[in-house]
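This is what each chain is made of:
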Amino acid sequence: MSTVELNAVSRWFGNVVAVNDVTMSIGPGVTGLLGPNGAGKTTLLSMMSGFLLPSAGTVTLDGIPVWSNPELYRRIGLVPEAEAMFDAMTGWDFVHANAELHLLPDPSAATRAALDAVDMMDSRDREIGKFSKGMKQRIKMATALVHDPEVLLLDEPFNGMDPRQRMHLLALLQRLGADGRTVLFSSHILEEVEDIAGTIEVVVAGRQAASGDFRSIRRLMTERPHQYMITSANDRALAAAIIADGSADAVRLTPAGLEVQASDFGRFVEALPRIAQSTAISLFEVTPADESLESVFAYLVSR
Amino acid sequence: MNLVVMRLTIRALLGRRRSIMLFGIAGLLLAVAGLVRWGTDASITSSAATMQNFGLGTLVPVMCLLIGTGVIASEIEDGSIVYLLAKPIPRRTIAFSKLVVALGTSLVFTVAAMVAGVAIAGDQDWQLALALGTATALASIAYTAVFFAIAIVSKSPIIVGLIYALLWEGVLAGYIPGVKDVSIRQWALAPAERLLSSHPTWNVTSDLGLTPALILLGITTVAAVFVAVQRLKTLPIKVSE
């Protein structure tokens with residue numbers, strides 16, 4: 001049972017602040033590190049895996065600083081986002097070399113177990129450079145698992161995977177988490193995190209935006225005011241009807257159409273067709289105006 | 001020293017493309033040596049001049065550049081070095097293992113090419129081959145250490161290395177008196193000059209005396225290794241694209 005602790009961690013590159021005063025504690029089980037691209041997820045993972053020294057604050061594993069402490073790699077498995085490996089080697093040779101570098105007593109057995117875990121034993125004798133993106137991802141995963149680490153750090157592990165591979169990796173991470181390992185993976189896709197992570201840490205623009213149980217954060221996300229852009233045959237009459245119905249909080253009439261803000265997402269979506277029908281106003285276009293992940297995160301930050 | 005790191009480094013270093021380039025450069029030197037022999041009737045003075053200027057002055061640093069940067073630069077560039085660094089092995093050990101592979105490879109390629117080149121171009125009882133072979137070995141060690149350090153310190157090591165190798169060592173150090181004193185090539189020629197002291201007409205000369213030259217070579221090599229190891233110890237590594 002291991003815990004990765006970040007205490008008031010900041011990291012800047014020149015004038016750019018990539019991570020800003022983040023404090024978090026990642027314990028056993030699966031944790032998702034969620035945030036839009038460029039939020040600082042990779043910088044956080046780099047610091048947790050000892051590849052980047054925080055500009056301020058401390059990163060420790062069970063109280064031991066991870067920076068400049070190679071002995072800790074016996075307990076940490078890392079899956080980087082970068083795709084490059086030693087491409088001229090076969091899957092088996094590469095994972096085996098990783099096992100040897102970990103100074104394992106029986107590198108061949110460890111290699112077999114790791115390749116089995118990611119379902120790559122059948123392709124073990126092919127060159128890594130000839131693998132698909134999803135297969136490379138699994139080989140990376142095997143190198144991280146080969147020494148049976150207590151802590152597993154994964155940077156965007158689902159990138160480039162097809163649905164079947166994704167299911168397989170999801171199950172594997174869940175199993176590792178259930179075993180009591182500390183599994184942290186980063187993602188910019190909400191749905192990926194939803195299925196397996198018990199806990200999530202949300203980072204936006206280098207700051208920690210939310211932290212805790214996934215469901216409550218999900219609720220925060222779905223219950224936020226939703227913005228819609230509507231064009232219809234008669235915007236003004238529709239605006240009046242929407243306000244009269246009470247399913248939306250605010251309606252703004254603009255030359256481009258109606259801007260509607262609804263805090264109860266479900267109720268508004270249900271009400272809109274009914275209103276249109278009863279007032280006989282044709283709807284031309286209904287577009288969610290702020291469904292991008294960035295706006296979801298931005299909302300969380302502003303709370 | 002870690003044997004697995006060394007093994008992986010050799011495999012990556014002697015991948016197909018780089019091997020072809022190294023053999024190609026060595027072949028180029030031998031071809032030029034053949035032309036010199038044919039054109040000058042195996043005159044030792046011409047052989048010595050060509051092997052010093054074209055061989056030691058140009059091709060040796062270029063080969064050391066390919067090897068010294070080849071053992072580590074691309075791994076830092078594409079991020080695959082994390083697979084070596086995320087292991088319970090001190091970074092110092094990783095640096096030394098890679099450096100030893102680079103030094104060994106450089107020595108084999110450059111000294112073999114130089115000795116064979118001198119033998120083809122023209123020699124007398126292997127005296128020139130011994131002298132220039134010694135100079136090449138010393139230069140190889142220092143160049144490889146310097147390029148290895150450049151590979152870790154610089155973001156575009158090949159360009160920095162090429163400018164240094166071709167402009168500083170190849171051109172400036174050949175003609176400009178002040179630059180000659182701070183050139184690995186000139187330092188490495190000092191023992192060659194001493195070995196050929198009975199043949200002043202062969203024109204194998206260095207601007208420095210033997211002792212200061214060897215001291216400077218030693219200092220440069222040790223300093224380069226120190227910088228390389230220190231930099232790798234604190235090198236921030238990107239784990240993403």
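Attention in this report is confined to the structure presented alongside it. (Residues numbered from 1 in each chain as written. Chains lettered and ligands numbered in written order. Predicted model: local features only at pLDDT ≥ 70, side-chain atom pairs only at ≥ 80, totals over all residues. Heavy atoms only, no water.)

## Comments concerning the overall build of chain B
Here comes step 1: Of the regular secondary structure elements, chain B holds 11 helices and 0 strands.
Here comes step 2: Secondary structure elements of chain B, listed N to C terminal, follow the sequence α-α-α-α-α-α-α-α-α-α-α.
Here comes step 3: At 18 Å, chain B has a C-alpha radius of gyration in line with the 18 Å of a compact globule built from 241 residues.
Here comes step 4: The principal-axis extents of the C-alpha atoms in chain B amount to approximately 60 × 35 × 30 Å.
Here comes step 5: A buried classification covers 53% of the 241 residues belonging to chain B. (Helix = DSSP H or I, 4+ residues; strand = E, 2+ residues; numbered from the N terminus. Rg over C-alpha atoms; globule rule 2.2 N^0.38 Å. Buried < 20%, exposed > 50% of the residue type's maximum accessible area, 1.4 Å probe, protein only.)

## Describing the packing of aromatic side chains
Here comes step 1: Scanning the model with the defined rule gives 8 aromatic pairs over all chains in all.
Here comes step 2: On the basis of an interplanar angle of 65° and a centroid distance of 5.8 Å, the ring pair of Phe147(B) and Tyr164(B) is categorised as edge-to-face. With a gap of 17 residues between them, Phe147(B) in helix H7 (residues 127-153) and Tyr164(B) in helix H8 (residues 157-175) connect regions that are remote in the sequence. For the pair formed by Phe147(B) and Tyr164(B), the shared burial category is buried.
Here comes step 3: Ring pairing ties together the aromatic residues Phe86(A), Phe94(A) and Tyr83(B), which thus form one cluster. (Phe/Tyr/Trp six-rings, centres within 6.5 Å; stacked < 30°, edge-to-face > 60°.)

## Digging into the sheet that holds strand E7 (residues 151-154) of chain A
Residue and element names in this part refer to chain A.
Here comes step 1: With respect to topology, 6 strands assemble into an open sheet ordered E6-E7-E8-E3-E9-E10, the strand pairing being mixed. Two strands in the sheet have a free side with no partner beyond their single neighbour: strand E6 (76-79) and strand E10 (207-213). Adjacent strand axes in the sheet meet at a mean angle of 15° when their direction is disregarded.
Here comes step 2: Summarising the sheet, E7 and strand E8 (residues 182-187) pair through 4 bridges and their orientation is parallel. Note that in E8 the partner of Leu 153 across the bridge is Leu 184.
Here comes step 3: Each of strand E3 (29-34), E6, E7, E8 and strand E9 (199-204) touches helix H1 (residues 41-48); the most contacted strand, E8, lies at about 155° to it. (Pairing = 2+ DSSP bridges. Axes fitted to C-alpha atoms, helices over the stretch in contact; angles between N-to-C directions. Contact = heavy atoms within 4.5 Å.)

In short, the description is geometric, and any link to function would need to be established separately.
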